[in-house]
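# Structural overview
Here's the letter readout for the chains.
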Amino acid sequence: MSDAQPTDALDEDAAAALARVGADRSARPLLVALDFDGTLAPLQDDPSASRILPAGVDPLRRLVATPDVALALVSGRALHELHDLAEVPEGTYLVGSHGAERAHVTADGLERDDVRLTDEQADRLAALSTRAAAVADGRAGVWVETKPTAVVVHSRLAARGDAADARADALALGDELGTGVLDGKDVVEISVLHASKGDALRTLRDELGARVVVCAGDDVTDERMFAALEPGDLTVKVGPGDTHARLRVTDPSAMVAALAALADALEA
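Residues numbered from 1 in each chain as written. Predicted model: local features only at pLDDT ≥ 70, side-chain atom pairs only at ≥ 80, totals over all residues. Heavy atoms only, no water.

Enumeration according to the criterion identifies 20 salt bridges in this entry. Here Asp35 ties to Lys197 by a salt bridge, and the two come within 3.3 Å at their closest N and O atoms. Of this pair, Asp35 sits in the loop between strand S1 (30-34) and helix H2 (54-65) while Lys197 sits in helix H6 (residues 197-208), and the two are 162 residues apart along the sequence. Across the pair, Lys197 and Asp35 agree in class, each one buried. Of the charged contacts, one joins Lys197 and Asp222 as a salt bridge, the two residues approaching to 2.6 Å between their closest N and O atoms. Of this pair, Lys197 sits in helix H6 while Asp222 is found in the loop between strand S10 (212-217) and helix H7 (223-228), placing the two residues 25 residues apart along the sequence. Asp222 matches Lys197 in its accessibility class, with the two residues each being buried. (Salt bridge = Lys/Arg side-chain N within 4 Å of Asp/Glu carboxyl O. Helix = DSSP H or I, 4+ residues; strand = E, 2+ residues; numbered from the N terminus. Buried < 20%, exposed > 50% of the residue type's maximum accessible area, 1.4 Å probe, protein only.)

Written as structure tokens, this is what we have:
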């Protein structure tokens, strides 16, 4: 879909397409799989400040409450952080660290699928943490996040030159020590496990027996989810940029509005 199309038409097209899926009983079981940052929550310079838009809380609750509809958040964030920030209802599936972590939200908290590293992987993760800290050292606005299976070099707050240098150094480090490297928006994530959002989404779909998947995301890492889906599924790119998605909305507000249209159609 071209970025040159009128943005209001794009938003209306996506909302109408989601509503059609919601009204189609043959599309169930339905899986709704959503990225968090930049999709349900506006991007923030401080990642800890990210919150779902208030208008998005109710549509997600209504989706989970509908028979034969499952909701999943598929994020690059560590699982505990995603759970703390996302404000999702009981019954939601959470996929964190780009597919390396998974859990189900229950009344008692998170029911986790534990991640276990081999000794070699744990040693490599420790080495990555040390080396990534050196990438950030002396570069204002560059910082390192450590996850259970990966390290992430963030550069959103850095000057352009420092950000470019940090990205190059992080990619080189990933080539040396990483199993998988994700180059996203102002982040380079280096993992010691093979994992991707696309693989995780395919696995969840198979487990749930979903006939149709509605999937939305904003980052280059979300393209792996789009590529993992089938022609009858519905993919939505949030914001600008090249994409394999069938539809596009302008921003998280428009995505939340489209999800509300889906929830309305499911209840009709």
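Turning our attention to the layout of surface pockets. Any empty space left between atoms is shown by rolling a water-sized probe over those atoms. Estimated volume of the largest pocket: approximately 510 Å³. As for the largest pocket, its lining consists of 28 residues, and the residues nearest its centre are Asp37, Arg77, His154, Val187 and Asp219. The set of elements that each furnish at least two residues to the lining of the largest pocket consists of strand S6 (143-146), strand S7 (150-154), strand S8 (180-184) and strand S9 (187-191). Residue composition of the lining of the largest pocket, by class: 6 nonpolar, 8 polar and 14 charged. (1 Å grid on protein atoms, 1.4 Å probe; cavity = no way out; pocket = protein on both sides within 12 Å on 5 of 7 lines; lining within 4 Å. Points joined across faces, edges and corners; volume = space filled by probe spheres on them. Nonpolar A, V, L, I, M, F, W, Y, C, P; charged D, E, K, R; others polar.)

Further remarks concern the packing of H2 against helix H8 (residues 252-267). In the contact formed by H2 and H8, the axes pass within 9 Å of each other and the chain directions differ by 30°. Where H2 crosses over H8, the two elements pack in a sense that is left-handed. In this structure, H2 uses Ala55, Gly56, Pro59, Leu60, Arg62 and Leu63 to contact H8, whose residues at the interface are Val256, Leu259, Ala260, Leu262, Ala263, Asp264, Leu266 and Glu267. Counted by class, the contact of H2 with H8 contains 10 nonpolar, 1 polar and 3 charged residues. (Axes fitted to C-alpha atoms, helices over the stretch in contact; angles between N-to-C directions. Left-handed = near helix turned anticlockwise from the far one by under 90°. Contact = heavy atoms within 4.5 Å.)

This is a description of form; function is not addressed.
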